[in-house]
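For reference, the chains in residue letters:
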Amino acid sequence: MSSRDGKRGGLRMVTLYGGSLLFVTVAVIWGLLSGSADLSVQEIVGILLKNITGHEGFFEGQKNIEMIIWNIRLPRILLALLVGSALALAGAAFQGLLQNPLADPYTIGVSSGASVGAVIVLFFQLEIAIIGSYTLPLVAILFSFAALILVFGITRAASRTYANETIILSGIILNSFIGSVISLIIALSSGDQMREVLNWLMGSVALKNWGHIGLFFPFFVLGAAVILYHYRELNALALGDEAAQYGGMNVRRKKLILLICAGLLTGAAVSVSGAIGFVGLVIPHLVRLVTGADHKHLLPLSMMIGGGYLVMADMVARTIVSPQELPIGVVTALIGAPVFTYLLIRERIKRRNMSC
């Protein structure tokens, strides 16, 4: 590669990162400005500075307006940003790890595990005295770990090498079983319980507070840091297990680490937001079209675009039929399904033309 090509490639990456950061910034600002309370950018900045620094002079307006921004809109937007980033990053990791462009955070059943844990809490109206309102997310996280252990157990029993096909099949088996359990619980639910369960299963970041961000953030940091650190291993695994093994990698060990961290991100995200589909499936595809398959750039850019995308989707969900609110999972599905269908058809046509 010539120095000119190298400079051009570096400039292109700087442009992509800059554009992604701008997209996230615009999404967050737009989300803060959108809603029933009509505020200016200056007032919002004043509210943020007042609560961050503790200086009363930054904002001297009404307390209820300040509460709307600091205690309702901002936690909701930040949680959507973190959940979208987690799902997109997990999706990119699963697609590289399993060498399957259709893999996403729900492939190995971790999301279903978190879902059944949450549904059980809602159905039986469980609340652990010590943790109170955080009973649902904590139980969902525990069930997501249980689902991950079951997938590992099934895979190990069938294939000690943790073959990609076996992992995917184990996830499909577990998803089918858990789906049946959730359907049974819904069938046994009363009208109010059924509505609550279905709303959770469609996904939402409404009525979330700083406590939910504090609960999710440690899992997010741990899972994201490990996956981002292993971008070289994902590049090697994307070429196939044998190629990675010949390169000196302990394939089984690295697969376990990456599966656990991607599953951790998925389970923790689902535990605080419900099941939100298509983010981990579509966003890495879109980013890959621009950056290529190098996980050094694919992973961080997927995080940024995924976070901004979910903030925008949540803004649409809470404003498009105002004063009512749509579940965010409905919005991501309505946008994601047609986009993914288009990408799939385009890729098939491209391969067909190349073979001819």
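Cut-off values and rules
- Residues numbered from 1 in each chain as written.
- Predicted model: local features only at pLDDT ≥ 70, side-chain atom pairs only at ≥ 80, totals over all residues.
- Heavy atoms only, no water.
- Helix = DSSP H or I, 4+ residues; strand = E, 2+ residues; numbered from the N terminus.
- Rg over C-alpha atoms; globule rule 2.2 N^0.38 Å.
- Buried < 20%, exposed > 50% of the residue type's maximum accessible area, 1.4 Å probe, protein only.
- Contact = heavy atoms within 4.5 Å.
- Areas by Shrake-Rupley, 256 points an atom, 1.4 Å probe, with all protein chains shown as cover.
- Salt bridge = Lys/Arg side-chain N within 4 Å of Asp/Glu carboxyl O.
- Patch = residues over 30% accessible without salt bridge, like charges linked within 9 Å, V, L, I, M, F, W, Y side chains within 5 Å.
- Phe/Tyr/Trp six-rings, centres within 6.5 Å; stacked < 30°, edge-to-face > 60°.
- Expected span 1.5 Å × (residues − 1).
- Axes fitted to C-alpha atoms, helices over the stretch in contact; angles between N-to-C directions.
- Parallel < 35°, antiparallel > 145°, perpendicular 65-115°, else oblique.
- Nonpolar A, V, L, I, M, F, W, Y, C, P; charged D, E, K, R; others polar.
- Core = buried A, V, L, I, M, F, W, Y, C linked by side-chain atoms within 4.5 Å.

**With respect to the overall build of the protein chain**
Within the protein chain one finds 14 helices and 0 strands. Listing every helix and strand of the protein chain by position from the N terminus yields α-α-α-α-α-α-α-α-α-α-α-α-α-α. Scaling as 2.2 N^0.38, a compact globule of 356 residues should have a C-alpha radius of gyration of about 21 Å, and the protein chain matches this with 21 Å. Each of the 356 residues in the protein chain was classed as buried or not, and the buried ones make up 49%. Taking the contacts inside the protein chain whose residues are at least 6 apart along the sequence as the reference set, 76% of them involve residues at least 24 apart. When the accessible area of the protein chain is evaluated, it comes to approximately 17600 Å², of which 66% is carbon and sulfur surface.

**Description of the pattern of salt bridges**
Enumeration over the complete set of coordinates arrives at 9 salt bridges. A salt bridge links Lys63 to Glu66; the nearest nitrogen and oxygen atoms lie 4.0 Å apart. Note that Lys63 and Glu66 are positioned in helix H3 (residues 63-97) at a spacing of 3 residues, about one turn of the helix. The exposed category is assigned to Lys63, whose relative accessible area is 55%. In this structure, Arg318 engages Asp314 in a salt bridge whose closest nitrogen and oxygen atoms are separated by 3.7 Å. Note that Arg318 and Asp314 are positioned in helix H13 (residues 295-319) at a spacing of 4 residues, about one turn of the helix. The class for Arg318 is buried, based on a relative accessible area of 14%. Classification of Asp314 by relative accessible area gives buried; the value is 2%.

**Quick look at the environment of Ile305**
Within the fold, Ile305 resides in helix H13. Looking at Ile305, the relative accessible area reads 21%, which means it is partly exposed. The sequence separation of Ile305 and Gly19 amounts to 286 residues, and the corresponding C-alpha distance is 9.6 Å. In this structure Ile305 touches Ser20, Phe23, Ile283 and Val287, once residues within four positions along its chain are discounted.

**Quick word on a nonpolar patch on the surface**
Residues Ile29, Val41, Val45, Leu49 and Phe58 make up a contiguous nonpolar surface patch of roughly 390 Å² in combined accessible area. Top contributing element to the nonpolar patch by residue count: helix H2 (residues 41-53), with 3 residues. Positionally, Ile29 belongs in helix H1 (residues 3-33). Overall, Ile29 belongs to the partly exposed group, its relative accessible area being 42%.

**Side note on the packing of aromatic side chains**
Going through the model one piece at a time under the given rule, you end up with 4 aromatic pairs. Here Phe216 and Phe220 contribute two aromatic rings whose centre-to-centre distance is 5.9 Å and whose plane-to-plane angle is 40 degrees, an arrangement assigned as tilted. With Phe216 and Phe220 both in helix H8 (residues 210-229) and 4 residues apart, this pair spans about one turn of that helix. Here Phe216 and Phe220 have matching classes, each one buried. An aromatic cluster of three or more residues is present, and its members are Phe216, Phe217 and Phe220.

**What about helix H4 (residues 110-124)?**
Here H4 spans 22 Å end to end across 15 residues, near enough to the 21 Å set by a 1.5 Å rise per residue. Most of H4 sits out of view: 13 of its 15 residues are buried. Downstream of H4 by one or two residues, Gln125 has phi in the positive range, about 55 degrees.

**Observations concerning the packing of H3 against helix H12 (residues 279-291)**
Taken N-terminus to C-terminus, the directions of H3 and H12 make an angle of 70 degrees; their axes are 7 Å apart at the nearest point. By the angle class used here, H3 and H12 are roughly perpendicular. Between H3 and H12, the contacting residues are Gly84, Leu87, Ala88, Gly91, Ala92 and Gln95 on the first element and Val279, Gly280, Leu281, Ile283, Pro284, His285 and Arg288 on the second. For the contact of H3 with H12, the class distribution of residues is 7 nonpolar, 5 polar and 1 charged.

**What to know about the side chain of Thr291**
Positionally, Thr291 belongs in helix H12. According to the relative accessible area criterion, Thr291 is buried, its value standing at 13%. Those residues in contact with Thr291, other than ones at most four positions away along the chain, are Arg12, Leu16, Leu298 and Leu301.

**Details of the nonpolar core**
Ranked by internal contacts, the top residues of the largest apolar core, which has 95 residues, are Val83, Phe216 and Ile227. With 19 residues, the top contributor of residues to this core is H3. Once residues lying within four places of it in the same chain are set aside, the contact partners of Phe216 are Leu79, Leu82, Val83, Ala86, Leu265, Ala268, Ala269 and Val272.

**Regarding unusual backbone geometry**
Backbone geometry places Gln99, a non-glycine residue, at a positive phi of 55 degrees. By the secondary structure assignment, Gln99 is in the loop between H3 and H4. For Gln99, a relative accessible area of 35% puts it in the partly exposed group. Positive phi values are uncommon outside glycine, yet Phe278 reaches one of about 75 degrees. Inspection of the secondary structure assignment puts Phe278 in the loop between helix H11 (251-273) and H12.

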